Amino acid sequence: MRFAFVLGEIASGMRRNLVMVVSVVLVTFISLTFVGAAGLLQLQINQMKGYWYDRVQVAVFLCVENSTSESCASGPVTDEQRSAIEAKLNSPELSTYVDTVEYESQDQALVHFREQLANSPIVEAVTADQLPESFRVGLVDPEKYEVISEAFSSEPGVDIVSDQREYLEEIFGYINIASLVALGIAVVMSVGAILLVATTIRLSAFSRRRETGIMRLVGASKAIIQLPFVLEGVIAAILGAAIASGTLWAVLRYGGEWLSREYPQMGFISTQELLLVVPALFLLGALLAGASSLLTLRRYLKV
Amino acid sequence: MIRFEQVTKVYDHKSKPALDSVSLDVDRDEFVFLVGASGSGKSTFIRLVLKEDRATRGAVYVAGQNVANIPSWRVPRLRRGIGVVFQDFRLLPNKSVFANVAFAMQVIGKSRAVIRETVPEVLKTVGLEGKNNRMPHELSGGEQQRVAIARAIVNKPGILLADEPTGNLDPTTSMGIMKVLDKINQNGTTVVMATHDDDIVNTMRKRVVELRDGSVVRDDAQGIYIGETTTTAAAG
Ligand SMILES: Nc1ncnc2c1ncn2[C@@H]1O[C@H](COP(=O)(O)OP(=O)(O)O)[C@@H](O)[C@H]1O
Ligand SMILES: [Mg+2]
């Protein structure tokens, strides 16, 4: 009985307040979409880190004819120097840091170079002897790049030690900024949503003051009086969360598919990641609306 | 059933107290008229019994309990034991007679079966048989007040408070309402009725407590009341 009664009250309240309810749905939809986008971008960073940190390497480039660094003063790397470098990379002192060591000759470097810049006209002009040979070093812990850099940057025959992770960090930095911007918009929109829920509840409480006045007089409990109002806000917010989830799903499903086709090696997140984000959106929407309406009711619906 | 001990209520520190050190005892099954001119403190008395406001000084006891000691979450239980009717009826305009009365039971969680059984009984008590499906705007003022009374007593409260229930009604209709209130009192409900309608008070011959500027100036068993339009010299 009580349950049916509360449901009936919610339905009539939402009908009476339809325009406001629709506004709450829309505002929570927008704010939760941005919350979700921020979350998904963070997941994307994590995914890329997981994917790339296993694959990125420190490249130890060896001297070529026109290298300008001090350690290349004696000209292109000699066979002895190359052997010394390789031995040092495989030495027991470095074995706790170094996972794999691969040698890339100038010819292999040209092949990779051509692969990477397949559509660029400069490819034709570059020859193998212009590209440095290198050791590709996979690290046990990619954060320990400094160890290799310090050990080899002044080694005779080594031109430069370059950490590919730096490029990735730059990309992650951009994604991070995008995620922070989304989060900022989400915060502003959420404040808007909270205020709108508060206004809606206030109007709703005002339009039903006769009913609530009688409820008070005949001894209805605080919960029974307030619950329809709180649930009205929560239901509207959950509808907003549902639309936000649908939107994010569509973006991941179609946008993500397109990106994965264009950049197959990047490791984009898929709709699976929504399993983490969607429950959080529903919870957040319900909490926002619930907290906002409870605070409002304390002021406008004396019991 | 209701006991006021030196109760003072100050709404606004710049003006006189609405109730000034009022002491009063209303026993079980009593019918008491609370009379006095407009502004004498009658409604304030009723609000204090309901714990809609708290006394500035003194203590209010309802059914033996000091209402100041009732925590806010227990106030609904206090109010379930008290029915109230007002001058302006306060019906829900979009609900039928039956639904208006049923509302008071729904909101305290009574089952549908109990509601279906009780509401017609109560409507019969107040003389509204066969009017279940009327809407409030289809009823006369007297009938609307009967619906309000039915709603106030449907949960079988021990106390019925009526704040000028006949204030909007003509004398004949008012007497009809008084009969209903008397019947409810006969059935064992304590009734406190605030009014400044001297005809009604003088016809009913019940206990009369008169307030003037917030103080009890008279408390007569089977008393009369001479309203402000008549000269005070005629009293006695
Ligand atoms: N909510 C309130 N705030 C301030 N003053 C009030 C309030 N309610 C009543 N009063 C004052 O208290 C006095 C008693 O009012 P009330 O109890 O309503 O008298 P009655 O019901 O006998 O007409 C009046 O002077 C009135 O102006
Ligand atoms: Mg009054």
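Predicted model, so just to flag it, every value in this text is computed and none were measured.

A. Spotlight on the sheet that holds strand β10 (residues 215-220) of chain B. Residue and element names in this part refer to chain B. Read across the sheet, six strands follow the order β6-β7-β8-β3-β9-β10 without closing on themselves; strand pairing throughout is mixed. Every other strand in the sheet has two partners, leaving β6 (82-86) and β10 as the edge strands with one partner each. Between one strand axis and the next, the sheet turns through 15 degrees on average, direction left out of account. With five bridges joining them, strand β3 (residues 31-35) and strand β8 (residues 190-195) adopt parallel strand pairing. Across the sheet, residue V35 finds its bridge partner in β8, namely T195. Strands β6 and β7 (159-163) of the sheet are contacted by helix α5 (residues 141-153), whose axis makes an angle of about 165 degrees with β6.

B. Local environment of the site of ligand 1. All names here are of chain B. Residues in close proximity to ligand 1 include Y11, A18, A37, S38, G39, S40, G41, K42, S43 and T44, which together make up its full environment. At 2.6 Å from an oxygen atom of ligand 1 is found a main-chain nitrogen or oxygen belonging to G39. At 2.9 Å from an oxygen atom of ligand 1 is found a main-chain nitrogen or oxygen belonging to K42. Considering ligand 1 on its own, with 550 Å² of exposed area, one finds that the protein chains cover 56% of that surface.

C. Inspection of the interface of chain B and chain A at higher detail. The partner chain A presents 19 residues to the 24 residues of chain B that form the contact. Note on chain B versus chain A: buried area summed over both sides is about 1900 Å², and carbon and sulfur give 62% of it. When residues of chain B are sorted by the area they lose upon contact with chain A, R79, F103 and V107 of chain B head the list and together hold 29% of the total. Joining chain B to chain A, the criterion identifies one salt bridge. Close ionic contact of E52 of chain B with R216 of chain A constitutes a salt bridge, the shortest N to O distance being 2.6 Å. There are three residue pairs in polar contact (both at pLDDT 80 or more) connecting chain B and chain A. Elements with a minimum of two residues in the side of chain B that touches chain A: α2 (75-80), β6, α3 (97-106) and α4 (112-125) of chain B. Residues that form the side of chain B that touches chain A fall into these classes: 13 nonpolar, four polar and seven charged.

Basis of the calculations
Residues numbered from 1 in each chain as written. Chains lettered and ligands numbered in written order. Predicted model: local features only at pLDDT ≥ 70, side-chain atom pairs only at ≥ 80, totals over all residues. Heavy atoms only, no water. Pairing = 2+ DSSP bridges. Helix = DSSP H or I, 4+ residues; strand = E, 2+ residues; numbered from the N terminus. Axes fitted to C-alpha atoms, helices over the stretch in contact; angles between N-to-C directions. Contact = heavy atoms within 4.5 Å. Near = heavy atom within 4 Å. Polar contact = N/O pair within 3.5 Å; in protein donor to acceptor, adjacent residues only side chain to side chain. Areas by Shrake-Rupley, 256 points an atom, 1.4 Å probe, with all protein chains shown as cover. Buried area = accessible area lost by both parts, 1.4 Å probe. Salt bridge = Lys/Arg side-chain N within 4 Å of Asp/Glu carboxyl O. Nonpolar A, V, L, I, M, F, W, Y, C, P; charged D, E, K, R; others polar.

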